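The chain contents come next:
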Amino acid sequence: MKNISPTNNSQLSKICLRIYAFQEKVNQTQHQSPRQRLRIAIEQLGNKTIETSLAVINDLEQITQNHPHYHWIIMNILTTFVRENTLYMPQEELTSNLRPKVRADIQAALTVIARRDVKKDPENEQLDLSHTDMRGANLNRANLEQTNLYQANLAGANLREANLAGAILSAANLEGANLYLANLEGTILSAANLEGANLSGANLHRASLYLARLHGSILNDARLDGANLREAKFSD
């Protein structure tokens, strides 16, 4: 809803009514088994309107909270939804617009992923958000530890206080991203674009910044002990 201009009350009202109408349909399926609800969600997610997707994403979060054994299946459904519905843009094709509006259902899916109960994540499994365009996404305090974000486009994203420990961000675009107090311990940032990023207070202990571009980045009070800064570029 925050992506919709507050001055466009007519559009906002229509979307709210559509979400409410579909949510009523979803509520009517609450007596069905989680497996049936998952089947319906997979059929509906991304194939209808954004309002439908928002209601489905809300239902998926409820299922994972009430039925923990479906937790990882649902995380895979949501990450697949994000990957299939975000256009990947290589760094060389970027425009100056670092903060486009993230589609409302994409942001909703990312929010559910980011605030999931990580204790339910199976060992040796990894969230896959590689090759995604998430420019301007709000991932404030997101838990994305060990996540595969290879070549993800996170330019202008809000990753304030996010947990990205051990994440794969090789060749990712983080230009202008807010990584204030983010945990990047052991994160792979090789050849990543961090130009103009705010890394104030960030934990980069043992992070790999090999060939990373850091021109104009803010590193005040950042922890860099043990970090690999070989061939990192701090100026043009």
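Predicted model only: the values in this text are computed from it and were never measured.

Draft legend 1. Looking closely at the overall build of the chain. Scanning the chain for helices and strands turns up five helices and zero strands. Taken from N to C terminus, the helices and strands of the chain fall in the order α-α-α-α-α. Long-range contacts, defined here as pairs at least 24 residues apart, represent 32% of the contacts in the chain between residues at least 6 apart. On the chain, roughly 12,000 Å² of surface is accessible, and the fraction owed to carbon and sulfur atoms is 47%.

Draft legend 2. A look at the nonpolar core. If you look at the biggest cluster of nonpolar residues, it comprises 59 residues, and the most contacted ones within it are Leu60, Leu78, Met134, Leu139, Leu154, Leu159 and Leu164. Elements represented by at least two residues in this core include exactly helix H2 (34–44), helix H3 (50–66), helix H4 (71–84) and helix H5 (104–114).

Draft legend 3. Expanded view of the packing of H2 against H3. Closest axis-to-axis distance for the H2/H3 pair is 10 Å, and the angle between their directions is 155°. As far as their axial angle goes, H3 and H2 are roughly antiparallel. In this structure, the crossing between H2 and H3 has a hand that is left-handed. Counting all contacts with H2, which are made through Pro34, Arg37, Leu38, Ala41 and Gln44, the residues of H3 involved are Thr52, Val56, Asp59, Leu60, Gln62 and Ile63.

Draft legend 4. The arrangement of the confidence of the model for the chain in detail. Taken residue by residue, the chain gives an average pLDDT of 87. The fraction at 70 or more is 82%. Per-element averaging of pLDDT across the chain places helix H1 (residues 9–27) at the bottom with 55 and H5 at the top with 97. Within the model, pLDDT remains below 50 along residues 1–5, and this stretch shows 12 contacts once partners closer than five positions in the same chain are excluded.

Definitions and limits used
Residues numbered from 1 in each chain as written. Predicted model: local features only at pLDDT ≥ 70, side-chain atom pairs only at ≥ 80, totals over all residues. Heavy atoms only, no water. Helix = DSSP H or I, 4+ residues; strand = E, 2+ residues; numbered from the N terminus. Contact = heavy atoms within 4.5 Å. Areas by Shrake-Rupley, 256 points an atom, 1.4 Å probe, with all protein chains shown as cover. Core = buried A, V, L, I, M, F, W, Y, C linked by side-chain atoms within 4.5 Å. Buried < 20%, exposed > 50% of the residue type's maximum accessible area, 1.4 Å probe, protein only. Axes fitted to C-alpha atoms, helices over the stretch in contact; angles between N-to-C directions. Parallel < 35°, antiparallel > 145°, perpendicular 65-115°, else oblique. Left-handed = near helix turned anticlockwise from the far one by under 90°. pLDDT = per-residue confidence, 0-100.

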